[in-house]
Amino acid sequence: MFADIIKVFILSLVEGLTEFIPVSSTGHMIIVDQFLQLSQNEEFANAFKIIIQLGAILSVVVYYWKRIFPFAKGLSKSQRADIIQMWIKIVIAVLPAVVLGLLFDDIIDKVLFNSVVVAIMLVIYGVILIWLESREKKEGGIASITQMSVKTAIGVGLFQCLAMIPGTSRSAATIIGGVLLGLNRVLATEFSFFLAIPTMLGATLLKLVKLGTALSGYEWFLIALGFVLSFVFAYAVIKVFMNYIKKHDFKIFGYYRIVLGIVVLLLYFMGAIK
């Protein structure tokens with residue numbers, strides 16, 4: 001039992017550190033789980049990786065409470081209206097992921113949750129991130145969600161669907177999509193955070209409905225522990241990451257993804273991981 005708790009702690013730390021940066025938290029947990037082997041029960045292992053992400057996402061709710069809750073104290077009428085308008089765009093943006101998630105969730109779990117897929121996606125999107133930051137940049141860009149059109153929100157939502165492939169990174173897909181559609185880097189990142197709230201809530205609910213009573217009480221305990229720990233670790237990361245991207249670009253994450261992806265492929269072909 002103590003060994004399992006240590007493994008949950010490590011996996012939750014990995015989730016909290018990687019959820020918001022564009023390096024794929026799910027991909028990292030799939031890789032780390034190859035060495036830790038939290039459980040031989042694949043259904044539990046996959047559910048654990050998805051559900052504890054919601055814990056990390058809830059840290060966004062706490063951190064940005066006055067930015068996302070229209071009835072928070074101290075807000076003016078115009079601020080409340082802006083937040084409601086923001087949520088309308090977020091709900092619209094999340095619809096593509098809801099539809100595709102319902103259609104392909106089982107296929108994704110069975111076919112794509114493996115180290116090779118993760119490694120390939122790490123490299124591909126690493127290259128895209130470097131390319132994105134190497135382009136000749138336009139001045140300005142859309143700087144607030146109120147300036148975003150519904151069409152742009154839907155576009156970012158479609159980009160988010162790419163993250164259903166493990167190793168892509170939900171934040172990478174939405175940030176890349178947002179920047180390509182005219183958002184500045186900070187807004188693309190913040191919208192990625194906010195869009196994650198209904199997305200991961202929906203993904204978690206889908207897992208819970210499908211699992212039903214399939215897991216043991218002990219397995220649910222491990223998931224609950226991972227959920228709480230992920231929240232704590234992710235909350236500590238948000239401020240640091242937002243301060244970083246205000247002064248730096250995403251190239252370092254692109255280089256990191258490429259190196260990690262190549263290492264994972266080498267380990268796979270050497271037989272060190274499955």
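Bear in mind the structure is a predicted one, so any value in this text is a computation, not a measurement.

Here is what the cut-offs are and how they apply
- Residues numbered from 1 in each chain as written.
- Predicted model: local features only at pLDDT ≥ 70, side-chain atom pairs only at ≥ 80, totals over all residues.
- Heavy atoms only, no water.
- Helix = DSSP H or I, 4+ residues; strand = E, 2+ residues; numbered from the N terminus.
- Expected span 1.5 Å × (residues − 1).
- Buried < 20%, exposed > 50% of the residue type's maximum accessible area, 1.4 Å probe, protein only.
- Contact = heavy atoms within 4.5 Å.
- UniProt positions renumbered as here; feature names shortened; annotations may be inferred.
- Phe/Tyr/Trp six-rings, centres within 6.5 Å; stacked < 30°, edge-to-face > 60°.

Counted at 1.5 Å a residue, the expected span for helix α1 (residues 2–18) with its 17 residues is 24 Å, and the 24 Å between its end C-alpha atoms agrees. Within the sequence span of α1, burial applies to Asp4, Val8, Leu11, Ser12, Val14, Glu15, Gly16 and Thr18. Considering only its buried residues, α1 is in contact with α2 (25–36), α3 (42–63) and α10 (217–245).

Let us now look at the UniProt feature "transmembrane region" (unreviewed entry) in the chain. With numbering matched to this structure, UniProt assigns "transmembrane region" (unreviewed entry) to residues 44–65, 86–105, 111–132, 153–179, 191–209, 221–242 and 254–273. What you have in residues 86–105 is 100% helix and 0% strand, and the ends, taken at the C-alpha atoms, are 27 Å apart. Annotated as residues 191–209, this span is 100% helix and 0% strand, and its ends, taken at the C-alpha atoms, are 28 Å apart.

This part takes up the environment of Ala45. One can find Ala45 in helix α3. Take Ala45: its relative accessible area is 9%, and that puts it in the buried class. Sequence-wise, Ala45 and Gly167 are 122 residues apart; in three dimensions their C-alpha atoms are separated by 16 Å.

Counted according to the given criterion, the structure contains 17 aromatic pairs. Considering the side-chain rings of Phe9 and Phe233, the 5.4 Å spacing of their centres and the 90° angle between planes classify their relative orientation as edge-to-face. Placement of Phe9 in helix α1 and of Phe233 in helix α10 is noted, with a sequence separation of 224 residues between them. Under the relative-accessibility criterion, Phe233 is labelled buried at 17%. Ring geometry for Phe241 and Phe250: centres 6.5 Å apart, planes at 45°, overall tilted. Residue classification places Phe250 among the buried residues on the basis of a relative accessible area of 0%. Feature note: the residues Phe20, Tyr63, Tyr64, Phe193, Phe194, Phe231, Tyr235, Phe241, Tyr244, Phe250 and Phe253 constitute an aromatic cluster, connected by ring pairs.

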